[in-house]
Amino acid sequence: MKSLFDSFSKLVSKIRGLTYIDDETLREILREIQRALLKADVSVEIVYNLTKNIERKFKKGKIPEGISPKDYLIYVLYNELVELLGGEQVPEIDIKKRPYKLMLVGIEGSGKTTSAAKLAYYYMRYKKLKVGLIQTDIRRPGAQDQLRQLAQRIGALFYGDPGHHDPVKIALEGIEFMLSNKVDLIIVDTAGRHKSETDLMEEIKTLYSTVQPDEVMLVIDATEGKQAASQAEAFAKYVPIHSIFLTKMDSTARGGGALMSVIKTGAKIKFIGVGEDVSEIEVFNPRRFVSRLLGLGDLETLVEKVRALEEEEKIVQEVEKEVEEGKLTLLTVKKQIETILKLGPLSKLLQLLPTSMFPAQVLSRLDEEQMQLTQQKLRRWLAILQSMTLEELLHPEILDSSRIKRIARGSGTSPREVKELLQYYNLLKRLITEMKRSRKRVPKSLLKQLNANLGELGLG
Ligand SMILES: Nc1nc2c(ncn2[C@@H]2O[C@H](COP(=O)(O)OP(=O)(O)O)[C@@H](O)[C@H]2O)c(=O)[nH]1
Ligand SMILES: [Mg+2]
């Protein structure tokens, strides 16, 4: 895994060091991305599609103002990698049902027994659950002792029996034992070796119907690289696979390929193993993983910023369109305020406002303190707008005094404030109509009125 991290962080510093990005440098960067991924055993098809997408999105995408092309390229790369690794969604880790039965399956040596202990450790330590471990593997010499000792180390309950010749009996007795001990989470470890694959799969199937687990987690060794997917597919033929635990991400360069191939089958990776110790378990979070992969502490900030700016661009266009058509609804005002609040004072905010809300000459005089006041005011206005129904947002003329009272109550403001917002909105609409009619400058008288209004907000 290290080498993938190394090559990507090198790549990112290289992009950051570029003075410009032309077709030639872009091609070179894309080639390097390909090399890094192929080295990590990512399939040729995935690599090809990924770099094609990056190229297309970088060339076609409108780079938001205030973002440099190289930052935008990093952003596109980040987005594509996150997508490949399962998207924004973080796997559901919390256990809702008590007791919850989790059964681990996988071939011998994949890391089942180690991962069983890691899971117990994780849920005990971070979710404060009472956890029990059951060892049904009677084939691998030492498997019973291995899990017993691990359980002892972390303080989990254990059930197993080295003298037994029937895994199903161990499972039944084990569950009985865990239930009488009021365990929240029961983890059942299974064997991974048999005379033949069919024998193994038959045993797992029988155990599955005996244990009736709430979740079957397949344990796969990341050193398998892109072959990992075929294991997931093979097991899925016999038992439902609800989630994946990918082990040995620390000890292989092929982790990237393993991750991506497994995700492509539609399986959900929940945890990764990053070392031999019981504590070396991580929840698999695509965004966090990619941030680390690209070696950027400030990546999330960059991503948030580009996203907010893209969102802003959409709203600016919406406002412009409504202005163009001579109408402006409160719904758009609401979206605008939401975006402004999200972006904070660092952004294009100051240029966004004058397009419809505040005259530029007022805003150019805004200082820190006034900015704070504006934000406070906008937050209260947003609360008001959030208390309105869609119909009210689209047709503010229906707002009578009883509706205004309701909205004020719902937003924790006063009817006076609601009216103030409506006044402001009406003024804005007039301003827009005037601008449209005159196609010239805003009439002085109107501007004066607006300024006075803003003065009350601490903006004048
Ligand atoms: N480096 C590393 N080794 C691991 C990890 N998980 C398991 N192992 C090792 O893989 C080997 C097989 O593990 P084991 O749990 O016995 O596999 P099982 O046969 O599926 O039960 C052991 O030497 C473990 O220490 C991991 O995340 N990282
Ligand atoms: Mg084992």
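A brief structural summary. Predicted model, so just to flag it, every value in this text is computed and none were measured.

So, about the nonpolar core. Formed by 75 residues in total, the largest nonpolar core has its most connected members in F8, I33, L37, L81, L246 and I269. Broken down by element, the residue count for this core peaks at 9 residues, all from helix α4 (residues 69-84). Those residues in contact with L37 that lie beyond four places of it in its chain are L4, F8, V42, V47, L50 and M260. Counting 30 residues, the second-largest nonpolar core is a separate cluster that includes I93, Y123, F245 and V283.

Turning our attention to the pairing of strand β1 (residues 100-105). With 6 of 6 residues buried, β1 lies mostly within the body of the structure. Across the two faces of β1 the burial is the same, with Y100, L102 and L104 and K101, M103 and V105 all buried. Judged from the 4 bridges that link them, β1 and strand β4 (residues 185-189) form a sheet pairing that is parallel. Following the sheet pairing, M103 is matched in β4 by V188. Note that β1 and strand β5 (residues 215-221) share 4 bridges and pair parallel. Considered in β5, the bridge of V105 is made with L218.

Another point: helix α2 (residues 23-39). Helical periodicity: at 3.6 residues per turn, an α-helix aligns residues three or four positions apart in one direction. In a regular helix each residue adds 1.5 Å, so 17 residues correspond to 24 Å; α2 covers 24 Å between its end C-alpha atoms and thus fits that length. Those residues of α2 that fall on the buried side of the exposure criterion are T25, L26, I29, L30, I33, A36 and L37. The buried residues of α2 occupy one face: seen down the axis, they fall within an arc of 140 degrees. Turned more than 90 degrees from where α2 packs its buried face, E24, R35 and K39 sit exposed.

Parameters at a glance
Residues numbered from 1 in each chain as written. Chains lettered and ligands numbered in written order. Predicted model: local features only at pLDDT ≥ 70, side-chain atom pairs only at ≥ 80, totals over all residues. Heavy atoms only, no water. Core = buried A, V, L, I, M, F, W, Y, C linked by side-chain atoms within 4.5 Å. Buried < 20%, exposed > 50% of the residue type's maximum accessible area, 1.4 Å probe, protein only. Helix = DSSP H or I, 4+ residues; strand = E, 2+ residues; numbered from the N terminus. Contact = heavy atoms within 4.5 Å. Pairing = 2+ DSSP bridges. Expected span 1.5 Å × (residues − 1). Arc of directions from axis to C-beta.

On their own, these measurements won't tell you what the molecule is for.
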